[in-house]
Amino acid sequence: MRVPFIVLALLAATAARADDLLQVWAQARAADPLLRQAAALTGAQDASAREARAALLPQWRLQSSELRESGGARWNVTTSSVSQTLVDLAALREWDASRSLASAQSARLIAAEQAARERVAEAYFGLLSAQAQLATARANEDAFDRQVREAETRFKSGLSAQVEADQSRAYRELARTTTLAAEAQLADARESLAQLTGTSAPTLQPLRATLAAQTLPDDAEAWGQRALQANPELQALQLEVQASEQRISSARAGHLPTLSLGVDTQRQRGDGVPLSDAGRTPTQVALRLTVPLFAGGATSAAADRAGFQREAAREQLEAGRRAVLREVRGRHLAVGQGEAQLRATEAAVAAAQRALDATRTGLTLGTRSTTDLLLAIQTLAGAQNAQTQARHRHVLALLSLHQAAGSLGDTELAAVNALLETR
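This structure is a prediction, so every number in the text was calculated from the model and none was measured.

Chemist: How should the overall build of the protein be read in this particular structure?
Modeler: When helices and strands are counted, the protein shows ten helices and four strands. Secondary structure of the protein in N-to-C order comes out as α-α-α-β-β-α-α-α-α-β-β-α-α-α. Taking 423 residues into account, the globule formula puts the C-alpha radius of gyration at 22 Å, and the protein, at 36 Å, lies well above it. Taken along the three principal axes of its C-alpha coordinates, the protein extends 130 × 65 × 40 Å. With 423 residues in all, the protein has 38% of them scored as buried. In the protein, the share of contacts with a sequence separation of at least 24, taken over all contacts with a separation of at least 6, comes to 81%. Charge separation in the protein, taken as the distance between the mean sites of 46 positive and 45 negative side-chain charges, equals 3 Å.

So, in structure tokens, the structure goes:
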């Protein structure tokens, strides 16, 4: 059976297609276990808030008892009890606390999504970095291998000594060890990306060769203030402090009376029912006031425990604020350093290329040695690899800054995606 040409063309186009950052993020968003765990915890906390609200809603219980006397008389008693809480400040404040915790978990879900975007970007550019490092190592090894062949040819022609061929061979074998290490690092980088997406790592689109340094519009202090307002993890901690204060009110309300409305209906059927009650279904409507008098100190202990938990939540919030400010300042500095590293590595590659060209010319003229050429090849390869790594680190530093400030959304990811080559 012959496969139509158009089908073969489509298959070839699919195989050659490279995924960009947004496509990889879409895969990870649906498959990342940590993100799905955060979503499940959010759902659980929402259910907990609904559970706390249930104490304030109507309650209906139905009880049926089958009774029998020793003389043989039997009868059935069915009781229906409906109650509605009218005043219960403890239950109301507990519901408020549960809703605050649900909002805190929703904020943590947003934080988890931003952290997932950062992890995807790190894995994406980590794989590109590993690929670039392997390509550089292989190019370095190939250059040394060509130098070995040239040295052996010159030795056989009597134009050089055996030591030059041996020295070139030593450099080639050392380069081979670097290639093997780069291959292992690439395999680990592929597994790191597959861990997030749940599928094998695809072919990725690299950064454009003409990438310019990404400058920041604001200083570190402005980014710090933005983080204090927008960082979802800090928002979650603030909501937990609020929930702890509401639980203090709930615990203290344990001393207060509660008021409820009840409607009880009882029906008795059978030969053991007194004649005065036969065929009757009495209904009672009651307004119940409950005044707690003494609970063995449990109410005071619960209030004390809630107070200590509030202090712990406040300290955790303060620690979180300090950690976020430190992280934002550090990542802001990393972005600025990335700009300088991009300029430095670009100059280093240009200088290393000129030095290699001059060394090759000098080797032909006899003013440079084979050792000089091998070192020049190594220097250029190292400069090229440093430039590639600096470009990836600079982009990741920008995304990490947005993540620390609480502003790493799909828009920021799309801005980085626009820096990739299109295929």
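Picking up where we left off.
Chemist: What is the right way to read helix 9 (residues 370-405) from this model?
Modeler: An α-helical segment advances 3.6 residues per turn. Residues three or four places apart therefore align on the same side. The end-to-end C-alpha distance of helix 9, which contains 36 residues, comes to 52 Å, matching closely the 52 Å that a straight helix rising 1.5 Å per residue would cover. In terms of residue burial, helix 9 counts as a mostly covered element, since 26 of its 36 residues are buried. Just past helix 9, the residue Gly406 takes up positive phi, approximately 80°.

Chemist: Please clarify how the packing of aromatic side chains should be interpreted in this entry.
Modeler: To describe a pair of aromatic rings, one takes the distance between the centres and the angle between the planes. What the rule picks out here adds up to one aromatic pair. Ring geometry for Tyr124 versus Phe125: centroids 5.3 Å apart, planes at 70°, classification edge-to-face. Accessibility expressed as a relative area gives 0% for Phe125, which makes it buried. Lying across the ring of Trp95, Arg99 places its NZ or CZ 4.1 Å from the centre. The ring centre of Trp223 lies 4.1 Å from the NZ or CZ of Arg226, which sits over that ring.

Chemist: Looking at this model, I keep getting lost on helix 6 (residues 220-230). Mind explaining?
Modeler: Every buried residue of helix 6 is listed here: Ala220, Trp223, Gly224, Ala227 and Leu228. Summarising the axial view, the buried residues of helix 6 lie within an arc of 140°, below the 170-degree limit, and thus occupy one face. Along its buried surface, helix 6 packs onto helix 7 (232-252), helix 8 (298-365) and helix 9.

Chemist: Sorry, what's going on with a nonpolar patch on the surface here?
Modeler: The grouping of Trp60, Val82, Leu86, Val87, Leu89, Leu256, Leu261, Val263, Val285 and Leu287 at the surface amounts to a nonpolar patch, some 900 Å² of accessible area in total. When residues of the nonpolar patch are assigned to their parent elements, the largest contribution, three residues, is made by strand 2 (residues 74-87). For Leu86, the location among the structural elements is in strand 2. For Leu86, a relative accessible area of 46% puts it in the partly exposed group.

Chemist: Sorry if this is basic, but what is going on with the pattern of salt bridges here?
Modeler: Pairs can form between side chains of opposite charge whenever their charged atoms are close. Scanning the entire structure with this criterion turns up 22 salt bridges. The salt bridge involving Arg108 is made with Glu240; its shortest N-O contact spans 2.5 Å. With Arg108 in helix 4 (residues 89-156) and Glu240 in helix 7, the pair connects residues that are 132 residues apart, well separated along the chain. With a relative accessible area of 21%, Glu240 lands in the partly exposed category. Linking Arg172 and Asp145 is a salt bridge whose minimum nitrogen-to-oxygen distance equals 2.9 Å. Highlighted residues: Arg172 in helix 5 (residues 162-197) and Asp145 in helix 4, separated in sequence by 27 residues. In the salt-bridge network here, residues are joined through shared partners; they are Arg29, Glu113, Arg117 and Asp410.

Chemist: Quick question: what am I supposed to make of the nonpolar core here?
Modeler: In summary, soluble globular proteins display a tendency toward joint burial of nonpolar side chains. Judged by nonpolar contacts, the single largest core of 36 residues is most densely connected at Leu21, Tyr124 and Phe125. Here the element with the most residues in this core is helix 4; it accounts for 13 residues.

Chemist: Any chance you could explain the packing of helix 6 against helix 9 here in plain terms?
Modeler: How two helices pack is summed up by the angle between their axes together with the distance between the axes. One way to put it is that helix 6 packs onto helix 9 with a least axis distance of 7 Å and a crossing angle of 50°. Considered as vectors, helix 6 and helix 9 are oriented oblique to each other. Residues Trp223, Arg226, Ala227 and Ala230 of helix 6 touch helix 9, and the partners they reach there are Leu401, His402, Ala404 and Ala405. Grouping the constituent residues of the contact of helix 6 with helix 9 by class yields six nonpolar, one polar and one charged.

Chemist: For this particular structure, what's the right way to read the environment of Ala38?
Modeler: By secondary structure assignment, the location of Ala38 is in helix 3 (residues 33-54). Sequence-wise, Ala38 and Ala111 are 73 residues apart; in three dimensions their C-alpha atoms are separated by 9.3 Å. Excluding its chain neighbours within four sequence positions, the residues that come into contact with Ala38 are Gln105, Leu109 and Ala112.

What counts, and where the lines are drawn
- Residues numbered from 1 in each chain as written.
- Predicted model: local features only at pLDDT ≥ 70, side-chain atom pairs only at ≥ 80, totals over all residues.
- Heavy atoms only, no water.
- Helix = DSSP H or I, 4+ residues; strand = E, 2+ residues; numbered from the N terminus.
- Rg over C-alpha atoms; globule rule 2.2 N^0.38 Å.
- Buried < 20%, exposed > 50% of the residue type's maximum accessible area, 1.4 Å probe, protein only.
- Contact = heavy atoms within 4.5 Å.
- Lys, Arg positive; Asp, Glu negative; His and termini not counted.
- Charge placed at Lys NZ, Arg CZ, Asp CG, Glu CD.
- Expected span 1.5 Å × (residues − 1).
- Phe/Tyr/Trp six-rings, centres within 6.5 Å; stacked < 30°, edge-to-face > 60°.
- Lys NZ or Arg CZ within 6 Å of the ring centre and 35° of its normal.
- Arc of directions from axis to C-beta.
- Patch = residues over 30% accessible without salt bridge, like charges linked within 9 Å, V, L, I, M, F, W, Y side chains within 5 Å.
- Areas by Shrake-Rupley, 256 points an atom, 1.4 Å probe, with all protein chains shown as cover.
- Salt bridge = Lys/Arg side-chain N within 4 Å of Asp/Glu carboxyl O.
- Core = buried A, V, L, I, M, F, W, Y, C linked by side-chain atoms within 4.5 Å.
- Axes fitted to C-alpha atoms, helices over the stretch in contact; angles between N-to-C directions.
- Parallel < 35°, antiparallel > 145°, perpendicular 65-115°, else oblique.
- Nonpolar A, V, L, I, M, F, W, Y, C, P; charged D, E, K, R; others polar.

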